[in-house]
Every structure is written in C-alpha cells, then in structure tokens.
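Secondary and tertiary structure notes
Now for the letters of each chain:
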Amino acid sequence: MMVRVCVVGAGIVGLSTAINIQRLIPAAQITIIANKFGNDTTSAGAGGLFRPNLGHIKGVPIDTLKRWSKISWQHFSSLALSSEASSSGNNVTNGFVLQDTEEPQFLNEVIFSYHKLSRDELQRLNSNQKHGYNITTVITEPKKYLPWLMRKYKEHGGQVVFRTLTSLEELCGQYDVVANCCGLNAKYLIGDESIYPIRGQLIRMRAPWIRGFYYIEHDGYSTYAVPHADYMILGGCRQEGNFSEEIDPALTEDILRRGKEKIPGLEGAKVIDEWAGLRPTRIPIRVEKESMKLGSRTLKVVHNYGHGANGISLSWATAVDAAQMVNELVDSSSHSKL
Ligand SMILES: Cc1cc2nc3c(=O)[nH]c(=O)nc-3n(C[C@H](O)[C@H](O)[C@H](O)COP(=O)(O)OP(=O)(O)OC[C@H]3O[C@@H](n4cnc5c(N)ncnc54)[C@H](O)[C@@H]3O)c2cc1C
C-alpha cells in the first residue's frame, strides 16, 4: 500500500523531516507544501553556529537535549569532514564565547573541542567578560545547506507544492500522515498560543580577514560575528514578542557600535546588507504526535516546530524523532486497516 505523507514547511525543519521520512519509509510518497522556500524562509538568514545552549532552550529535559545535540552533531560534523563540506555549507570553525555570567552547558560532551579560558587568557584577549571558552565546532551556512537538502529530497522522488494553507483541515483525506513543520505560523495554522517570536536583526559584512567566530554576551546583549564563506554575519538582538521583519535603523547603528567595541578587527568591514528574522520560540520545542479533530474529520499529525534560537543546530535530531513518529502513525494505520 502506498503511504501518502505531507510535510508542511520548507524551512530547515521541514526539509530535514522530509528527508528522514524518506530514509525511514522508502515506499512513502512525500509532498512538501509551503508558501516560502529557500532564501525566503527564516532558516536561510540564520548564523548557523552549532552551539545548543541551555540558556536559550527552555523546557526540554536535559537528557533529551543532550541526545538531540549528539544526533545533530553527528550529522553536521560528518558533513563538515566529508567531501560534501563545501556543497552542503558545513565547515569546521574555531572561536570564542565570552560571557558576563557563566551558564551551565554540556558542549564539552559533544563538539570537536572545548577549552574553558583562564582569567589570564581572557585578559590576553582584552576581554572584559569574566567567563569564556574557546571551542571548535561547525558553522552550517543555511543559504547553501537548504538547497543541498532540497536536492537530496528531490533526488529521492520528493514532491514540492507552493501553497498557503489556512488550516490543516484542507489536508484531511489527502494524506495518511502530516508532519507539521510550519515554524512560527503554528500560532495561526493550528492556533498554538504558546509559540512566540524572538526577533533578531543582523548585518552581513565584508570582512574576510575575520576567520573565527565571536559570541559575546555582555550587559544583557548578545553581540556576535559568524564568518560565512562569502560574508560575515554581525548580530544581534533578542526581542521577545516583536513580530516586525522590517529593519530598525537605530538597531543597526547599535549593532555596529557594539560590534566595533567587542569584535576584534571589525574596523574597516563594509556593510553588504541587513536582515531581520523571527526565531520561532516555544517552551518546550514541540516534537509530538497527535490525532487532530478538524471539523468532522480526524488527521494524524506529527508536530515539529518551535526551535527558537537553535533551529539549525537541532533540526536534524528533531527530524529523526519526528520521522520515527510518522512511521509509528503509518504502522498504526496499516494495522487498523487489517
Ligand atoms: C537572527 C537569527 C539568527 C539565528 N541564528 C541561529 C544559529 O546560529 N544557530 C541555530 O541553530 N539557529 C539559529 N537561528 C534559529 C533558526 O533560524 C530557526 O530556529 C529555524 O530556522 C526554524 O526553522 P523552521 O523550519 O522551523 O522555520 P522556517 O524557516 O520559518 O520555515 C517555516 C516553513 O513553514 C512554511 N509555512 C508556515 N505556515 C505555512 C502555511 N500556512 N502554509 C504553507 N506553508 C507554511 C513556510 O512557508 C516555511 O517554509 C537564528 C534565527 C534568527 C532569526
């Protein structure tokens, strides 16, 4: 029997979920439905630094978070070490995380290397921050990784439909299972009031001499520089509940001021363009199956959304879990038809 699966969403979460379903259920006929693709998605604008951190991921049990981090790390680090590093946009990188207050974390159990900085080392960096670590991790460039994922998906027969859904009810009777990876739009598509935006704004700059990343948490701000192959990303901000995707010029000035103050060597960097995006945040991230009552009908749904500031890092692992749930729902349907 042909299994029909629909994935709603073509951001990093939807594409990763679709590919994992293809791997787990090779006979499934999969269709991605989305109204934004590639560079139009939130995913495309992200810095893509692999650094799952407890401060930004709330409500996920620590064991689950460690498991997700390790599964995702295995995926992204393998790509970064493979012949597909360049085509998939995954690169090994080294840099500094500097903080006013030390936050609990578990990165030392996951990434390539982790070194806590001594007071003396912090002074040699001219840093006023009291805590810091030097890490070797992976940067995933979403503008390269998203097309790479799409290519893999299509190579394995995946279908794509450009369409705006107003309700998942529109999919009843068309598909056996739906994977809902609609990001922030879960607020409107399924009425989830617990999802909210944390707005970010960043500046793409030409600064090829800055090779490593900096992530500096100071005075309640996060100021960061993340080098991609063709430009460097300078950020940022975390504005909870702000839905605006317009550039705020005063914030641009503020990010540049903080950048020049905190990021070594930024002087002389030229602005290329700017971007504002909304981190789809939910406590906890929702990876869950549900039989949804929609009007008089029922739809089997696996939700996978609400990844907040860590949606690049955790995308692969939550997709592995979501695909497993889709498989369980497909199994239960085939048994109930016996
Ligand atoms: C400034 C900034 C910096 C970031 N930096 C990092 C970082 O360094 N590391 C990291 O791990 N994460 C980072 N993130 C977070 C990351 O970008 C997000 O968590 C992630 O992109 C969410 O992916 P998604 O696929 O859930 O959502 P999206 O990329 O928003 O995709 C949602 C998809 O759902 C579709 N959709 C929604 N509603 C409908 C509908 N009604 N009908 C049809 N289609 C629909 C859309 O068309 C789209 O295709 C950053 C985010 C921002 C804003």
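Residues numbered from 1 in each chain as written. Predicted model: local features only at pLDDT ≥ 70, side-chain atom pairs only at ≥ 80, totals over all residues. Heavy atoms only, no water.

Let us look at the overall build of the protein. A tally of regular secondary structure across the protein gives 9 helices and 14 strands. On C-alpha atoms alone, the protein measures out to a radius of gyration of 20 Å, which is about the 20 Å that the 2.2 N^0.38 rule sets for 338 residues. Here the protein holds 338 residues, and the buried ones make up 56% of them. Counting only contacts in the protein whose residues sit at least 6 apart along the sequence, the fraction spanning at least 24 positions is 78%. As presented, the protein carries roughly 14900 Å² of accessible surface, and 50% of it is formed by carbon and sulfur atoms. (Helix = DSSP H or I, 4+ residues; strand = E, 2+ residues; numbered from the N terminus. Rg over C-alpha atoms; globule rule 2.2 N^0.38 Å. Buried < 20%, exposed > 50% of the residue type's maximum accessible area, 1.4 Å probe, protein only. Contact = heavy atoms within 4.5 Å. Areas by Shrake-Rupley, 256 points an atom, 1.4 Å probe, with all protein chains shown as cover.)

Taken together, 37 residues lie around the ligand, and Asn35, Lys36, Ser43, Gly308 and Ser313 are the ones closest in. A distance of 2.7 Å separates an oxygen atom of the ligand from a polar atom in the backbone of Lys36. Contact with the protein chains covers 95% of the free accessible surface of the ligand, which is 1000 Å². Counting only elements with at least two residues in the shell around the ligand, the list comes to helix H1 (12–24), helix H2 (42–45), strand E8 (195–206), strand E13 (270–294) and helix H9 (311–336). With 5 residues, the top contributor of residues to the shell around the ligand is E13. Across the shell around the ligand, the residue classes tally to 16 nonpolar, 18 polar and 3 charged. (Near = heavy atom within 4 Å. Polar contact = N/O pair within 3.5 Å; in protein donor to acceptor, adjacent residues only side chain to side chain. Nonpolar A, V, L, I, M, F, W, Y, C, P; charged D, E, K, R; others polar.)

Running from N to C, H1 and helix H6 (residues 142–155) point in directions that differ by 30°, and their axes come no closer than 10 Å. Viewed along their axes, H1 and H6 adopt a mutual orientation that is roughly parallel. As H1 packs across H6, the resulting crossing turns out to be left-handed. Seen from H1, the contacting residues are Ile12, Leu15, Ser16, Ala18, Ile19 and Gln22; seen from H6, they are Tyr145, Leu146, Leu149, Met150, Lys152 and Tyr153. (Axes fitted to C-alpha atoms, helices over the stretch in contact; angles between N-to-C directions. Parallel < 35°, antiparallel > 145°, perpendicular 65-115°, else oblique. Left-handed = near helix turned anticlockwise from the far one by under 90°.)

Between its terminal C-alpha atoms helix H3 (residues 62–80) stretches 26 Å, which fits the 27 Å expected from 19 residues at 1.5 Å a residue. Along H3, the residues classified as buried are Thr64, Leu65, Trp68, Ser69, Ser72, Trp73, His75, Phe76, Ser77, Leu79 and Ala80. (Expected span 1.5 Å × (residues − 1).)

Time to look at the confidence of the model for the protein. On average, residues of the protein score 96 in pLDDT, and 99% of them reach the 70 mark or higher. Mean pLDDT across the elements of the protein bottoms out in H9 (92) and peaks in H1 (99). (pLDDT = per-residue confidence, 0-100.)

Below, the discussion takes up the pairing of E13. Inspection of the sheet shows E8 paired to E13 by 12 bridges, in the antiparallel sense. Within E13, the position partnered with Leu202 by the bridge is Trp275. A loop of 2 residues connects E13 with strand E14 (residues 297–307), the two strands running antiparallel in sequence, and Gly295 in this loop sits at a positive phi of about 60°. (Pairing = 2+ DSSP bridges.)

Attention now goes to the side chain of Arg51. Looking at the secondary structure, you find Arg51 in the loop between H2 and H3. Among the polar contacts made by the side chain of Arg51, one reaches the side chain of Tyr133 at a distance of 3.4 Å. If we skip the residues at most four places from it in the chain, Arg51 touches Val97, Gln99, Glu103, Leu107, Tyr133, Ile135, Tyr215, Glu217, Asn310 and Ser313.

Moving on, we come to the environment of Glu193. With respect to the helices, strands and loops of the structure, Glu193 is situated in the loop between helix H7 (186–189) and E8. Taking C-alpha positions, Glu193 is 30 Å from Lys143, a pair spaced 50 residues apart along the chain. A polar atom in the side chain of Glu193 sits 3.0 Å from the side chain of Lys187.

Attention shifts here to the pattern of salt bridges. Between side chains of opposite charge, a pair can form as their charged atoms come close. Scanning the model with the defined rule gives 20 salt bridges in all. Measuring nitrogen to oxygen at the nearest pair gives 2.9 Å for the salt bridge that ties Lys116 to Glu102. Of this pair, Lys116 sits in strand E4 (residues 113–116) while Glu102 is found in the loop between strand E3 (90–99) and E4, placing the two residues 14 residues apart along the sequence. On the basis of relative accessible area, Lys116 is assigned to the partly exposed category, the value being 40%. We classify Glu102 as partly exposed; its relative accessible area is 46%. Here Arg282 makes a salt bridge to Asp192, at a shortest N to O gap of 2.8 Å. Here the residue Arg282 occupies a position in strand E13, and Asp192 occupies one in the loop between H7 and E8, the gap between them amounting to 90 residues. The network of salt bridges with common partners includes Asp254, Arg257, Arg258 and Glu261. (Salt bridge = Lys/Arg side-chain N within 4 Å of Asp/Glu carboxyl O.)

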